[in-house]
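Chain residues, written in single-letter form:
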Amino acid sequence: MQNTWSIGELAEMAGLSVKTIRYYSDSGLLPVAERSTGGHRRYGPQALNRLRLIRQLRSLEIPIAAITEVVTGERSLGDLMTGELLATQERLSQLRWRQATLQALDDCPPDVRLNRLQILSRVHKLPEARQALTHHWAHSLPADMPKRWRDRMVALLSPSPPDNPSATSALAYAELHLLIAAPGFTRWTQDHKLEMRDAPSFYAQVDHAAELTIVSLLHGLPPGQGEALDAFVAAHARARGEEDTPAFRRHLHNLLSHSSGFDDRLQRYWRLVDTVTDGQSFNMAKARVWLTRSLATSLPDHR
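None of the values given here were measured: they were computed from a predicted structure. (Residues numbered from 1 in each chain as written. Predicted model: local features only at pLDDT ≥ 70, side-chain atom pairs only at ≥ 80, totals over all residues. Heavy atoms only, no water.)

A. Quick look at the nonpolar core. Ranked by internal contacts, the top residues of the largest apolar core, which has 45 residues, are Trp137, Met153, Tyr173, Leu176, Tyr269 and Trp270. Those residues in contact with Tyr269 that lie beyond four places of it in its chain are Leu133, Trp137, Leu157, Leu176, Leu179, Ile180 and Phe185. Listed in part, the 23 residues of the second largest apolar core include Trp5, Leu10, Leu29 and Ala66. (Core = buried A, V, L, I, M, F, W, Y, C linked by side-chain atoms within 4.5 Å. Buried < 20%, exposed > 50% of the residue type's maximum accessible area, 1.4 Å probe, protein only. Contact = heavy atoms within 4.5 Å.)

Below, the structure written as structure tokens:
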């Protein structure tokens, strides 16, 4: 029988054990050319080539089940590589997060370690952790928010876990989940209902004011009077049926300065978002402070 080999000969050429080849053959991974007159298996060049492919894939720790899909034609080699790359990237992400978490627990005084462990344990499953933030804000923000503004706010308030977390950013991300679980934390999202009459129009106008504020912050402009502040005040005045007067500006300044809805916890939330995103996300706390200080400069008795 030309160009065929016994299982022992094939094992020697492939550099594998007879037991391994028999396992692959019984699993349907190898084509059997024919059997000898004595009933023994005979393998051809296709079997040798396939064994080499299997060895190469196994050297990359590709599971046998996935290799089977390739050699049987259920899946292309390209699809296999793409899937394995994505799976490896996911494992690396999990390992980086685990490293950052352990570092955060190692780099702290013994008397705070247990409390920190309780915080960090909230985000041991990253995909679910991001979904938890998104779900929370999607259901906490006012229902009458225009979709554009609502989607924007949910995205800002629900950052993805950092790709390459440090101990600090991992802890900050976990603390976001701790804050949203605090009773009454999102009560501020409903505060506008106390005074707002036309919420959709209000949010559209505030959206414009926010864009102007972002420009001012990006350019490092100090708080002061200008288009961003005027647009912000006008949005609040119109929503309340008021005029943009010095008296209204004083009233709005008092609301911004003393509103229970924008308490220390919310400002802390935005600072944590800033830490998680390494300062790459627009920070509403900074915008709020900038607008409040700008508003103060427009008051008659400002010096």
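Let's pick the thread back up.
B. A look at the layout of surface pockets. Computed from the structure, the second largest pocket encloses a volume of approximately 200 Å³. Every residue lining the second largest pocket is counted, 13 residues in all, and those nearest its centre are Gln94, Trp97, Arg98, Thr101 and His124. Within the residue set of the lining of the second largest pocket, elements represented by two or more residues are helix H5 (77–106) and helix H7 (126–140). Per-element accounting of the lining of the second largest pocket gives the leading share, seven residues, to H5. Class assignment of the residues belonging to the lining of the second largest pocket gives a composition of seven nonpolar, three polar and three charged. (1 Å grid on protein atoms, 1.4 Å probe; cavity = no way out; pocket = protein on both sides within 12 Å on 5 of 7 lines; lining within 4 Å. Points joined across faces, edges and corners; volume = space filled by probe spheres on them. Helix = DSSP H or I, 4+ residues; strand = E, 2+ residues; numbered from the N terminus. Nonpolar A, V, L, I, M, F, W, Y, C, P; charged D, E, K, R; others polar.)

C. Highlighting the environment of Tyr24. Along the chain, Tyr24 falls in helix H2 (residues 18–26). Looking at Tyr24, the relative accessible area reads 8%, which means it is buried. Separated by 139 residues in sequence, Tyr24 and Asp163 have C-alpha atoms that sit 39 Å apart. Beyond its immediate stretch of four places on either side in the chain, Tyr24 contacts Leu16, Leu29, Leu30, Leu51, Ile54, Arg58 and Ile64.

D. Looking closely at the environment of Thr101. Structurally, Thr101 is set in helix H5. With 69 residues separating them in the primary sequence, Thr101 and Ala170 have C-alpha atoms 6.3 Å apart.

E. Structural view of H2. Here H2 has its buried residues at Ile21, Tyr24 and Ser25. Down the axis of H2, the sector holding all buried residues measures 100 degrees, keeping them to one side. Away from its buried face by more than 90 degrees, H2 exposes Lys19 and Asp26. Gly28 sits one or two positions beyond H2 and adopts a positive phi of about 85 degrees. (Arc of directions from axis to C-beta.)

F. Spotlight on helix H8 (residues 147–157). Along H8, the residues that are buried comprise Trp149, Arg150, Met153, Val154, Leu156 and Leu157. Mapping the buried residues of H8 onto a view down its axis gives an arc of 165 degrees, with all of them on the same face. The exposed residues of H8 that point more than 90 degrees off its buried face are Lys147 and Arg148.

G. Quick look at the pattern of salt bridges. Tallied over the entire structure, the rule returns six salt bridges. Here Asp26 ties to Arg41 by a salt bridge, and the two come within 2.7 Å at their closest N and O atoms. Of the two residues, Asp26 sits in helix H2 while Arg41 sits in strand E2 (residues 41–42), which places them 15 residues apart along the sequence. Given a relative accessible area of 53%, Asp26 falls into the exposed group. Asp151 is the partner of Lys147 in a salt bridge, and the nearest nitrogen-oxygen pair spans 2.5 Å. Here Lys147 and its partner Asp151 are both found in helix H8, four residues apart, which amounts to about one turn of the helix. Exposure remark for Lys147: the relative accessible area of 61% places this residue in the exposed category. (Salt bridge = Lys/Arg side-chain N within 4 Å of Asp/Glu carboxyl O.)

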